[in-house]
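What the coordinates show
Residue strings, one per chain:
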Amino acid sequence: MGNFRTGNTSKAGFLVAGGAISTQFGAAFATRLFHSIGPTGAVSLRIGFAALALLVVNLPNRDKLAKVQGRGRDIWVAIAFGVVLGAMNLTFYEAIARIPLGVAVTIEFVGPLGVTIGGSRRLMDLAWAALAGIGVALLAGRGLLGGEIRHLNLLGVGYALLSGLCWAGYILLNSASGRRFRGTTGLSIAMVAATIVILPFGIVRGGWHLLSLDSLWVGFLVALLSSALPYSLEMYALKRVTSRAFGILLSLEPVFAALAGLLVLGQRLDMVEVAALVMVIVANLGSAWFDSNRSAIVVDI
């Protein structure tokens, strides 16, 4: 049955945190592409280069790739994972092109929060999820709580909601793919599928500008920071915790976004935002502590 381990949530927390930091720095570079190739072009380069990087990493493991043949059911799971992953990125980039990033992340978070609540049978799990959800909502600041929601672009809100639904599917399919494939083989298949889905949209919007040197090098950097590295870390994290616990850990994403805004962009935090950060951190620490102390057993594959 494999090796059993307990208390893996803390390890998963470090993996998710590393992925969140990488994603936020990648997002900062991605904004440089919006004016020339648009959100769809930026996503196309990000996913395409990430797929290429993962294929290069897995190329020496030809024996592993050969074993994939004949596993039709597993391959379809990875392909479904890739389609959802591509849709999640495409709709999110379209959202942040129309509404503030903090508001978009807050709306999108209904996806992982739904996974957390929907998969739980314990009151304590619901309490941690609720605390994390409140903290993420506060991180949107006055965009949601100060009466400015009437000024939000409704199409952007719709894209963010759709991205949140895709995010929920991403969590579940990432976990399923991770159980079926060793290493990043499943993720590589998923990224290729995502590229096939997204690239036509990127070509229509970006055209020949996709091949400019500036677009290519920024797109490659964004691919490493926002796709290849964080998705790999999250896949390994999902092998250590349940999808429900992973949904709570993902609340670190807006936390690092707020910190990156302070450190990189000079955006100061007010008392409400500081309180929100504390809520999210407490929810993550509480979830990790209770998971480790109830001796949850996870099977390594």
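Residues numbered from 1 in each chain as written. Predicted model: local features only at pLDDT ≥ 70, side-chain atom pairs only at ≥ 80, totals over all residues. Heavy atoms only, no water.

This part takes up the overall build of the protein. Counting secondary structure elements, the protein contains 14 helices and two strands. Per-residue burial over the protein gives 51% buried out of 301 residues. Long-range contacts, defined here as pairs at least 24 residues apart, represent 89% of the contacts in the protein between residues at least 6 apart. Only carbon and sulfur atoms are counted for the fraction: they give 69% of the accessible area of the protein, which is about 14300 Å². (Helix = DSSP H or I, 4+ residues; strand = E, 2+ residues; numbered from the N terminus. Buried < 20%, exposed > 50% of the residue type's maximum accessible area, 1.4 Å probe, protein only. Contact = heavy atoms within 4.5 Å. Areas by Shrake-Rupley, 256 points an atom, 1.4 Å probe, with all protein chains shown as cover.)

Let's shift gears to the packing of helix α9 (residues 154-180) against helix α11 (residues 213-238). Two elements in contact, α9 and α11, have axes whose closest approach is 9 Å; the angle formed by their N-to-C orientations is 75 degrees. Compared by their axis directions, α9 and α11 come out roughly perpendicular. Residue-level contacts link Tyr170, Ile171, Asn174, Ser175, Ser177 and Gly178 of α9 to Tyr231, Glu234, Met235 and Leu238 of α11. Its residues assigned to classes, the contact of α9 with α11 shows five nonpolar, four polar and one charged. (Axes fitted to C-alpha atoms, helices over the stretch in contact; angles between N-to-C directions. Parallel < 35°, antiparallel > 145°, perpendicular 65-115°, else oblique. Nonpolar A, V, L, I, M, F, W, Y, C, P; charged D, E, K, R; others polar.)

Of note, leucine 225 is situated in helix α11. Residues leucine 225 and alanine 20, 205 residues apart in the sequence, show an inter-C-alpha distance of 9.6 Å.

If you look at the biggest cluster of nonpolar residues, it comprises 49 residues, and the most contacted ones within it are Leu85, Tyr93, Tyr170, Leu187 and Met191. Listed by contribution, the elements that provide at least two residues to this core are α2 (34-58), α4 (72-96), α5 (101-108), α9, α10 (185-206), α11 and α14 (271-293). Dropping the residues within four chain positions of it, tyrosine 93 is found in contact with Ala30, Phe34, Pro39, Ala42, Val43, Arg46 and Val222. (Core = buried A, V, L, I, M, F, W, Y, C linked by side-chain atoms within 4.5 Å.)

What follows deals with the side chain of threonine 195. Along the polypeptide, threonine 195 turns up in helix α10. With relative accessibility at 17%, the residue threonine 195 sits in the buried group.

Glancing now at the confidence of the model for the protein. When pLDDT is averaged along the protein, the result is 75, and 71% of the positions lie at 70 or above. Counting interchain partners and residues more than four positions distant, the pLDDT-below-50 stretch residues 1-7 has 19 contacts. (pLDDT = per-residue confidence, 0-100.)

To continue, consider α11. With 26 residues, α11 extends 36 Å from end C-alpha to end C-alpha; this agrees with the ideal 38 Å at 1.5 Å per step. In the structure, α11 departs most strongly from a straight axis at leucine 224, where the bend amounts to approximately 40 degrees. (Expected span 1.5 Å × (residues − 1). Bend = angle between axes of the 7 residues up to and from the residue.)

Moving on to a nonpolar patch on the surface. Taken together, the side chains of Val274, Val278 and Val282 present a nonpolar region at the surface, about 210 Å² in accessible area. When you line up the elements, valine 282 lands in helix α14. For valine 282, a relative accessible area of 38% puts it in the partly exposed group. (Patch = residues over 30% accessible without salt bridge, like charges linked within 9 Å, V, L, I, M, F, W, Y side chains within 5 Å. Salt bridge = Lys/Arg side-chain N within 4 Å of Asp/Glu carboxyl O.)

Think of an α-helix as 3.6 residues a turn; residues three or four steps apart then line up on the same face. Here α10 spans 30 Å end to end across 22 residues, near enough to the 32 Å set by a 1.5 Å rise per residue. Bending of α10 peaks at approximately 40 degrees at the position of isoleucine 198, with proline proline 200 no more than four residues after it. In the segment just after α10, glycine 207 is the residue with positive phi, at about 60 degrees.

A few words on the environment of aspartate 214. Its place among the elements puts aspartate 214 in helix α11. Overall, aspartate 214 belongs to the partly exposed group, its relative accessible area being 35%. It is 8.6 Å that separates the C-alpha atoms of aspartate 214 and leucine 33, two residues lying 181 residues apart in sequence. When sequence neighbours within four positions are dropped, the list of residues in contact with aspartate 214 reads Arg32 and Leu33.

Our focus in this paragraph is the environment of glycine 86. Inspection of the secondary structure assignment puts glycine 86 in helix α4. With a relative accessible area of 0%, glycine 86 lands in the buried category. Between the alpha carbons of glycine 86 and isoleucine 198 there is a distance of 6.3 Å; along the sequence they are 112 residues apart. Among all residues touching glycine 86, those that are not within four sequence positions of it are Ala194 and Ile198.

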